[in-house]
Amino acid sequence: MATYSRLPGSVALITLQNPPVNALSAAVRQGIVDTVQRALKDPKVTSVVICGQNGKFCGGADIREFAGPMLGPPLVPMIHAIEAVDKPVAAAIEGVALGGGLELALGCHYRIAHSKALLGLPEVTLGLLPGAGGSQRLPRLIGLTAALDLITTGRHISAAEALKLGILDQVTDNNVVDQAVEFVRRVAGQPLDSRRLSTLPCPPDVDSLLDKAMVKVRQRSRGALAPVACVQALMAAASLPYTQGMEKERELLTTLFNSGQARALQYAFFSQRVVGKWSLPSGASWDNSAARPISKAAVIGLGTMGRGIVVALALTGISVVAVETQEKQLAEASQAVPAMLQREAGRRGLATPPGVISFSSNLQDVSEVELVIEAVFEDMSLKLQVFRHLTSVCRPGTLLCSNTSGLDIDQLAAVTQSPGLVVGMHFFAPAHVMKLLEVVYGPRSSPEAVATAMQLGKRMGKVSVAVGNCPGFVGNRMLKPYLEQANFLLEEGATPQQVDEALEEFGFPMGVFRMSDLSGLDVGWRIRKEAGLTGPGVESTRTRQGRRYSPLPDQVCEAGRLGQKTGRGWYQYDGPGGRVARSDPWVHIFLEAYRAEHDLVARSIAPEEILERCLYALINEGFNILQDAMAAGPEDIDAIYVFGYGWPRHHGGPMFHAGQVGLGRILERLQHHHHNHPDVPHLKPSTLLRRLVAVGSPPVQKWREFINKERVHSQL
Ligand SMILES: CC/C=C\CC(=O)SCCNC(=O)CCNC(=O)[C@H](O)C(C)(C)COP(=O)(O)OP(=O)(O)OC[C@H]1O[C@@H](n2cnc3c(N)ncnc32)[C@H](O)[C@@H]1OP(=O)(O)O
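The chain has the name Peroxisomal bifunctional enzyme in an unreviewed UniProt entry, where Oncorhynchus kisutch is given as its organism. Among the UniProt annotations of the chain, the heading Subcellular location (unreviewed entry) holds the following wording: "Peroxisome". On record in UniProt, under Pathway (unreviewed entry), the comment for the chain is "Lipid metabolism; fatty acid beta-oxidation."

Chemist: Lay out the pattern of salt bridges with the relevant residues and their values.
Modeler: Counted by the stated rule, this structure contains 42 salt bridges. The closest approach of N and O atoms between Arg-548 and Glu-492, which form a salt bridge, is 3.1 Å. Taken as a pair, Arg-548 in strand β19 (residues 547-548) and Glu-492 in helix α17 (residues 475-492) lie far apart in primary sequence, 56 residues in all. Of the two residues, Arg-548 and Glu-492, neither departs from the other in class, the shared state being buried. One salt bridge connects Arg-613 with Glu-492, and the closest N-O pair in it is separated by 2.9 Å.

Chemist: Please provide a residue-by-residue account of unusual backbone geometry, values included.
Modeler: Pro-20 follows Pro-19 through a cis peptide bond whose omega is 5°. As for its position among the elements, Pro-20 is in the loop between β2 (11-16) and α1 (26-41). Following Ala-429, the chain continues to Pro-430 via a peptide bond in cis, the omega torsion being -10°. Tracing the chain through its elements places Pro-430 in the loop between β15 (422-427) and β16 (436-441). For Gln-545, which is not a glycine, the phi torsion comes out positive at approximately 50°. Summarising the element assignment, Gln-545 is placed in the loop between β18 (543-544) and β19. The exposed category is assigned to Gln-545, whose relative accessible area is 57%.

Chemist: So, the packing of helix α2 (residues 75-84) against helix α3 (residues 100-107): which residues are in play, and what are the values?
Modeler: Interhelical geometry of α2 versus α3 gives an angle of 30° and a closest axis separation of 8 Å. The orientation of α2 relative to α3 falls into the category roughly parallel. Contacts between α2 and α3 involve Met-78, Ile-79, Ile-82 and Glu-83 from the former and Glu-103, Leu-104 and Gly-107 from the latter. Its residues placed into classes, the contact of α2 with α3 shows four nonpolar, one polar and two charged.

Chemist: Please provide a residue-by-residue account of empty space enclosed by the protein, values included.
Modeler: Tallied over the entire structure, the rule returns one cavity of 30 Å³ or more. Within this model, the largest cavity holds a volume of roughly 30 Å³. Val-274, Val-275, Lys-277, Trp-278, Ser-279, Ala-632, Asp-636 and Arg-704 are the residues that line the largest cavity.

Rules and cut-offs
Residues numbered from 1 in each chain as written. Predicted model: local features only at pLDDT ≥ 70, side-chain atom pairs only at ≥ 80, totals over all residues. Heavy atoms only, no water. UniProt positions renumbered as here; feature names shortened; annotations may be inferred. Salt bridge = Lys/Arg side-chain N within 4 Å of Asp/Glu carboxyl O. Helix = DSSP H or I, 4+ residues; strand = E, 2+ residues; numbered from the N terminus. Buried < 20%, exposed > 50% of the residue type's maximum accessible area, 1.4 Å probe, protein only. Axes fitted to C-alpha atoms, helices over the stretch in contact; angles between N-to-C directions. Parallel < 35°, antiparallel > 145°, perpendicular 65-115°, else oblique. Contact = heavy atoms within 4.5 Å. Nonpolar A, V, L, I, M, F, W, Y, C, P; charged D, E, K, R; others polar. 1 Å grid on protein atoms, 1.4 Å probe; cavity = no way out; pocket = protein on both sides within 12 Å on 5 of 7 lines; lining within 4 Å. Points joined across faces, edges and corners; volume = space filled by probe spheres on them.

Laid out in structure tokens, this is it:
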């Protein structure tokens, strides 16, 4: 709703009230329409201020309403009515003015903001465009270049930047409502024509800026509809009168609204919030578990991951003891880390935190910290050694975390004096940049330890997801069948390029083989060696541990082709460290020889089969994970894939995508592929998938409840 009050001196104050962010629900829109009418009719009122309750102007349209039929007054005429008022109307912006919230402010004649306010048009991130006139008013106010940037990236900007761009008329450190009231009193009676943005001319696109932007946007966000529609709306603003521009805006918005992509992106928005409210099968959650405050931490091992973790911690203001026992590595890290910290702080617009990192080669130096993150090589015996040492040097009560990407947390906990204080904190490279953190709880991890790791993740700006302790946890466990299928497809006749192109066309920033070259083929090789699947003494067959196995990646790695770092992998590069992947005749000859050796006849494989085999195998493992209670719900898996594995956000995440494709279809295709490849257990449809199909394929939002019920009745 919106409340109305008349302040002394003939100013009407309209306050939006819809906690927590004053989203423009039907009730709020009705409230605005009614109160604006009231202000218009009241002869004693000479000017109007619109503000939001509880320090937040407005977080935009109410996203929850998008799923149902449109009720209440529509936004566009509501904003037009405000713009048409013949008394000055000012938006008093505190907290946020985002999406429809900023569009509402653009309909006001003046905009005054608090210096800490954030403004933006993030609709593109929800699969939409600023469809309440924002795509037409903003370029009229700040020009095409700046409007293009804000609308196609959806980024939030500070009040200072908004003032510089011309979005705001005034910024204040004081009470913003008081300032806005004073402002409108001052301007009351002045002509308003030039303040009505819809009546101003839009600058023309003289340098084909928008054509160039369209090419860039299509390249950058492969397959995503909203960024393209945003540019089209700006093209309309630049070339058509306002009314026709608005018609185009509405037409584009309708197309986007009805697209699966908008639903996927809105689901992704809510998933991110759902996973923050973690809960464990034991019933532990934020409601009953308190996080410990952490001000001093240590990181053990200063390879690529360890360095990134040090930077991520330091950026939060935590003092970090960075330990590396190899002198050469320590010397390199103590040069590299401060530079990384400075770069990352600059990228985030922060001052470099002074002197919070100390470097050491001595493990004894961690004795005073409250939390340790071990980031040594992915080798269980080495990690056990580190944990034994830590438990003897750290003071009682220190949280011991491992950055393992898939090893058994419980085994590590078992060698410590307080197994309850051991959790996994699985970062993704580069750890100071990537948003995802898997917080891995073992059977003995205490709720307090999980809460502390989740809270620390939040402080570092991560999307932290609590996951159970199983080989590979959630992300890498699902990656295994995906990678496996990609290798099998090579055996059957595909090339690395064909596989990568199909996946990149789907929307992944990089296909599986390009990704493997980037991370290094030795990484996977070592994990397979640890699992007893490859290495000296393992027989070179295509069946290992009772299932089909492809030795292809082992052989490429053993040929010294480790990927980008050696200039050769599944592709060739200009040299070691090269970034541009080119097809390599060596790989094609190697694949032909391999197929001949194993009597495999190459066949032509369609992109559809590539996608089905890779993605459905991965999705199937997601169902197994839910069935095993290693993830609390499909949102957790989807957040992991969107934030950590490059799953295209406009496809929501693997589990959401399964629902979009249709669970019946996924089941049928898995059955088909499993029938053709009975020696591949990952293609055998999971029991949970079968159960969901049997009960009529409920929407993804209902799975959590279904799984819990099935578990109670021991159906899973
Ligand atoms: C016709 C088309 C015209 C307009 C289209 C639009 O306006 S689309 C909406 C554009 N707005 C946005 O994209 C803003 C989305 N919200 C945010 O970015 C953040 O929530 C915000 C406002 C920066 C606040 O962040 P904070 O970290 O403080 O809180 P949190 O994100 O956890 O949100 C708190 C709860 O509010 C819910 N929520 C936030 N925004 C909206 C919204 N626009 N509609 C509905 N609900 C919203 C959010 O889900 C949280 O709910 P909870 O139940 O507590 O999880």
